[in-house]
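# Commentary on secondary and tertiary structure
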Amino acid sequence: MKFSFTDEQNMFRETVRELFADRCPPDAVRQSWDNDDGRVPGLWAALAEMGVLAVLAPEAAGGLGMNEVDLVRILEEAGYAGVPEPLVEHVAVAVPALAEAGHAALEAAIAGDSTITLNLSGEVIVGAAADAVVHRHGDTLQLVTEWQADEAASIDQSRRLGVLTDITAADPLDGADPDLAFDRAALGTAAQCIGVARRLLEATVEYVAERHQFGKPVGSYQAVKHHLANVKIALDFAAPLVYRAAWSVAHDDDPAARGRDVSMAKAQASEAVDLAARQALQCHGAIGYTFEYDLQLWLKRAWTLAAAHGDVRFHRDRVAAAIGI
Amino acid sequence: MNLDLAPQYVAFRDECRQWLTDNHPGRIGSMDTAIGFEEHRAWEKVLFDAGWSVPAWPSVYGGCDCDLIEWLIYEEEYWLSGVPGRVSANGVSLLAPTIFNFGTQEQQDFFLPRMASGEHIWAQGWSEPEAGSDLAGIKTKAILDGDDFILNGQKTWCSRGAFADWIFCIVRTDPEAERHQGLTYLLVPAETPGMERRPIGRLDGEPGFAELFFDDARVSAEHVLGGVGQGWAVAMAAAGSERGLSLRSPGRFMAAAERLRALAANVTDLDPRLRDEVVDAWIKAQAYRWNTYQMAADLMEGDEIGPEASEGKVFWSELDLELHATALRLMGPMGEVAHAGNDWLDGYVFALSGPIYAGTNEIQRNIVAERVLGLPRR
Ligand SMILES: Cc1cc2nc3c(=O)[nH]c(=O)nc-3n(C[C@H](O)[C@H](O)[C@H](O)COP(=O)(O)OP(=O)(O)OC[C@H]3O[C@@H](n4cnc5c(N)ncnc54)[C@H](O)[C@@H]3O)c2cc1C
C-alpha cells in the first residue's frame, strides 16, 4: 500500500506542464477558436513526439505501455492549461480501445497523424473536426470514419460540437469494452476537472492578493478567504479519489468496483470544479465576467467538464447502485 | 502507487478483526459520566493487556511498533467492530505525540506506559473563559516558587476533566510577557491541592465538561513539558495532532458511513433526495480515507504534517455532521427518540461539537487561507 506517484510519473507530468505552458498559453487557446479546425497549431505533433498520445498503447504496437495511473496527472495538466484539443477522448479512450480491438488506425493515432474523438452517450460529439469517432453502438464500440453532423456552438469556445445525424461508414471495434471506455472517459474528465479547479484557484489567489479595495488586498477579507479555503478543501479531497480511480481502472478486473471508484471520483471532481468556478468568479468581481479576461477560459471548461461524461447526480446514482441502496 | 494490501497487512487486518470480535465488551456506559468513565478505563486495560491499546507506539511503552498503514487498518477495524470509543484519546492522540517529541527520558518512561494502560487518563486544560479561539490570550498564572509552580486562574470546557487523573495545561509562567511569549506546558495531577474541579453539563446533560479553579495550586516544576517559556511551540505541535489524523482517523467515519449505508439499504421506498445525501456522505468518507492514505505515504517518506491538517479538520467534522444528520433524516419521526439503541442521536449531538472543538472551523479556514494558500493576513 503506497498511495503516491513515482518520481518518473512526476517528471513526465512536469514535462507536459512545461510543454503546455510553452505551446498552449491562453493566447493560443483563444486563437484556436478562430481556426477552422479549432486546434492549436503544432500542439498535437508535439504531444505525439513526447509520447503523450501513446501512453495507453502497448509497447508491441509502438506505444509506451503505461496505464491510467501514469496518465491521470497528465490529463490534469491539460485541464490546468485549458487545452482545447480532444485530448481525453483521444488519449484516454480511443487509443486503448483501438489497441484492444487490434485496429489498424492505432498507428496513426499514436503518431499524431489523426485525432479521434468520442460519442458514447447521446448524439453530441466534442472535437467535431476529428478524423474519426469512437461510437457506442448497443453493447459494442465502433470506429466511425464517415458521418454527418450539424455544427453546434458550445458556451465553451474550446469545445467544437457536432450533433450527429448520420453514420455512413464504421468499423466494429471487437474486443473493446464500451463500459470500460465510458469509465476511462469519466476518469479522464475528472482529472481535467481537477486541473481546471487548480488553475481557477491559483488565478484567484493571485488576483485577490493584488486587488485592493478599502485600502487593503481583497484577499485579506475573511469572507474571501473562506470562499477560497472551501475550494482548496474540496479540491484536496476530490483529487485523491481521482488518483484512486485511476488505479482501479488500471488494475481492478471487477467492472462494478471500477465503476464505483470512477463515479466517486467524477462526482467529487465535478463538485469541486463547480465550486471553484463559482468562487473564482465571485472573488474576481466584474473583471471575471468579461470575455477579454482569461478567467473565462477555465470557467467555461469547468461548467462543461463538470457535466461531461456524467454529472454529479448521474455518478452518485451509479455509486448508490454499486453499494446497494 | 500500489494500492494492493501486502499479505502481511491482510493478515494484520484479520488478526485485528478476530481479536475485536472475540473481545467485544458489549454496550457500556457513556464516558462522560463517572460510572461510564470507569467502565471505559476497564476497557482500556483489556486493550492494553492484549497489546492493542497503543499499537503504533514502540513496544517498550506498551505498543507493538505498527507502521502507519497498520495503524490505519487497526483504526478501520476498531471502529467497524463497534467496540466502545477511547476514553484515552486525549492522552494518546494529543499529549503522547508531544511527550515523544518534547518529553525528557524520565517523563517518557513515567507517563507513557501509564497512559497506555489506562492507569492515567488525561484531560486537556487549554481553554479559559476569556480565551477560546484566541488561545494566546490565556491568563492562568504559574509562578515559580522553589521547585514548584504556584497556579492561579481558571480553565474551562475541559472534557472529562472531572474524572481524569492528569490534565495537560498551558499556563502563563511570565506574567510580563504578552500573547505567545511566556507560556509553558504543564502536566497537572488531578489531585493537586488548591485545584477544584466542577463538572458542567454538556448539551446532552451529561457532566462531560469541567471547570478547573486554581487557587495557589502547587505543581512540581518537574512536570513542565518542553521547557519553561516554550508552551506555545509545544501546544502548536499538539494542535497539529489534534486536527490531523491522530485524533480522527478515517476508520471512524468509514464505519459510520457503512452503518448509514446499511440503514438506507433497509428503508423501503427511499426518497431519491435522501438517497443522494446518503451517497454523498458515503463518498466523502472514502475521500477522507484516500486523502489520509496520500498523507500517510508522504509521512512515511519523512514529510511532516503542515497546515494542511486544518483542511482535514474542517472536512472530517463537517462529514461527521453530515453522516449523522442524514441518518436522523432517514429515521424520520423516530430520529428524535432517545433510547439506548439510537446511537445516531447521541452521535449527532456529539458531531454538532466537531466544528467547534479542536479549533473552530472558522479558525481552520483562516489557517488554510493564510498558511496553505498564502493569502494576506491583513
Ligand atoms: C465538545 C467540546 C469539547 C471541548 N473540549 C475541550 C477540552 O477538553 N479542553 C479544552 O481546553 N477545550 C475544550 N473545548 C473548547 C474548545 O477548544 C473551544 O470551544 C474552541 O477553541 C472555541 O472557543 P470558544 O468556545 O471560546 O469560542 P469563541 O472563540 O468565543 O468563538 C465564538 C465564535 O466566533 C468565531 N471566531 C472567533 N475568532 C474568530 C476569528 N479570528 N475569525 C473568525 N471567526 C472567529 C468562532 O469560530 C466561533 O464561531 C471543547 C469544546 C467543545 C465544544
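Residues numbered from 1 in each chain as written. Chains lettered and ligands numbered in written order. Predicted model: local features only at pLDDT ≥ 70, side-chain atom pairs only at ≥ 80, totals over all residues. Heavy atoms only, no water.

## Focus on the overall build of chain A
- Along chain A, the regular secondary structure elements total 11 helices and seven strands.
- Scaling as 2.2 N^0.38, a compact globule of 325 residues should have a C-alpha radius of gyration of about 20 Å, and chain A matches this with 19 Å.
- For chain A, the C-alpha atoms occupy an extent of roughly 65 × 45 × 40 Å along the three principal directions.
- Split into buried and exposed, the 325 residues of chain A put 60% on the buried side.
- Of the contacts made within chain A by residues no fewer than 6 positions apart, 70% connect residues no fewer than 24 positions apart.
- Carbon and sulfur atoms provide 49% of the accessible area of chain A, an area that totals close to 12700 Å².
- Of the charged side chains in chain A, 27 are positive and 47 negative, and the gap between their average positions amounts to 10 Å. (Helix = DSSP H or I, 4+ residues; strand = E, 2+ residues; numbered from the N terminus. Rg over C-alpha atoms; globule rule 2.2 N^0.38 Å. Buried < 20%, exposed > 50% of the residue type's maximum accessible area, 1.4 Å probe, protein only. Contact = heavy atoms within 4.5 Å. Areas by Shrake-Rupley, 256 points an atom, 1.4 Å probe, with all protein chains shown as cover. Lys, Arg positive; Asp, Glu negative; His and termini not counted. Charge placed at Lys NZ, Arg CZ, Asp CG, Glu CD.)

## Things to note about the site of the ligand
- The local shell around the ligand holds 18 residues, among which Gln124, Ser127, Ser133, Trp157 and Thr360 of chain B are the closest.
- Chains contributing residues near the ligand are chains A and B.
- The separation between a nitrogen atom of the ligand and a polar main-chain atom of glutamine 124 of chain B is 2.7 Å.
- Side-chain polar atom of threonine 360 of chain B to an oxygen atom of the ligand: 2.7 Å apart, as the coordinates give it.
- Here the ligand has 970 Å² of accessible area as a free molecule, and 66% of this is covered by the chains.
- For the shell around the ligand, the element with the highest residue contribution is helix H11 (residues 361–372) of chain B, accounting for three residues.
- Tallied by class, residues from the shell around the ligand come to seven nonpolar, nine polar and two charged.
- Both domains that meet at the shell around the ligand, namely domain 2 (122–230) and domain 3 (244–372) of chain B, each give it at least three residues. (Near = heavy atom within 4 Å. Polar contact = N/O pair within 3.5 Å; in protein donor to acceptor, adjacent residues only side chain to side chain. Nonpolar A, V, L, I, M, F, W, Y, C, P; charged D, E, K, R; others polar. Domains from an automatic or database assignment.)

## Points about the pattern of salt bridges
All names here are of chain B.
- Inspection of the entire model under this criterion finds 50 salt bridges over all chains.
- A salt bridge links glutamate 258 to arginine 261, with the nearest nitrogen and oxygen atoms 3.1 Å apart. You can see glutamate 258 and its partner arginine 261 sitting in helix H7 (residues 250–265), three residues apart, about one turn around the helix.
- You can call glutamate 258 partly exposed: its relative accessible area is 30%. (Salt bridge = Lys/Arg side-chain N within 4 Å of Asp/Glu carboxyl O.)

## Notes on the packing of aromatic side chains
- Overall, the coordinates contain 30 aromatic pairs over all chains when judged by the stated rule.
- Their ring planes at 15° and their centres at 6.3 Å tell us that tyrosine 288 of chain B and phenylalanine 315 of chain B sit as a pair that is stacked. Linking tyrosine 288 of chain B in helix H8 (residues 272–300) with phenylalanine 315 of chain B in helix H9 (residues 309–331), this pair joins segments that are 27 residues apart in sequence.
- Here phenylalanine 315 of chain B falls in the buried class, since its relative accessible area comes to 11%.
- Taken together, Phe237 of chain A together with Phe253, Tyr288, Phe315, Trp316, Phe350 and Tyr357 of chain B form an aromatic cluster joined through their ring pairs.
- In this arrangement the basic side chain of arginine 17 of chain A is found over the ring face of tyrosine 80 of chain A, its NZ or CZ atom lying 4.3 Å from the centre. (Phe/Tyr/Trp six-rings, centres within 6.5 Å; stacked < 30°, edge-to-face > 60°. Lys NZ or Arg CZ within 6 Å of the ring centre and 35° of its normal.)

## Describing the side chain of serine 4 of chain A
- Relative to the assigned elements, serine 4 of chain A resides in the segment before helix H1 (7–23).
- With a relative accessible area of 16%, serine 4 of chain A lands in the buried category.

## Topic: the domain arrangement of chain B
All names here are of chain B.
- Per the domain assignment, the segments making up chain B are domain 1 (7–87), domain 2 (122–230) and domain 3 (244–372).
- For domain 2 and domain 3, the distance between their C-alpha centroids amounts to 30 Å.
- On the domain 3 side, the residues contacting the four residues of domain 2 number five residues.
- In total, domain 2 and domain 3 occlude about 260 Å² of area from one another, counting both sides; carbon and sulfur atoms represent 73% of this.
- When residues of domain 2 are sorted by the area they lose upon contact with domain 3, Ser133, Arg202 and Leu203 head the list and together hold 88% of the total.
- Our enumeration of links across domain 2 and domain 3 arrives at zero salt bridges.
- For the side of domain 2 that touches domain 3, the class distribution of residues is one nonpolar, one polar and two charged. (Buried area = accessible area lost by both parts, 1.4 Å probe.)

## Some details on H7 of chain B
All names here are of chain B.
- Counted at 1.5 Å a residue, the expected span for H7 with its 16 residues is 22 Å, and the 22 Å between its end C-alpha atoms agrees.
- Along H7, the positions that sit buried rather than exposed are Pro250, Gly251, Arg252, Phe253, Met254, Ala255, Ala256, Ala257, Leu260, Arg261 and Ala264.
- Those residues of H7 that are buried are in contact with helix H3 (68–81), H8, H9 and helix H10 (343–351). (Expected span 1.5 Å × (residues − 1).)

## Points about the interface of chain B and chain A
- Taken together, the contact pairs 42 residues of chain B with 43 residues of chain A.
- Summed over both partners, the interface of chain B with chain A comes to about 4200 Å²; 69% of that surface belongs to carbon and sulfur atoms.
- Here chain B and chain A share six salt bridges between them.
- Applying the counting criterion to the chain B and chain A interface returns 16 residue pairs in polar contact (both at pLDDT 80 or more).

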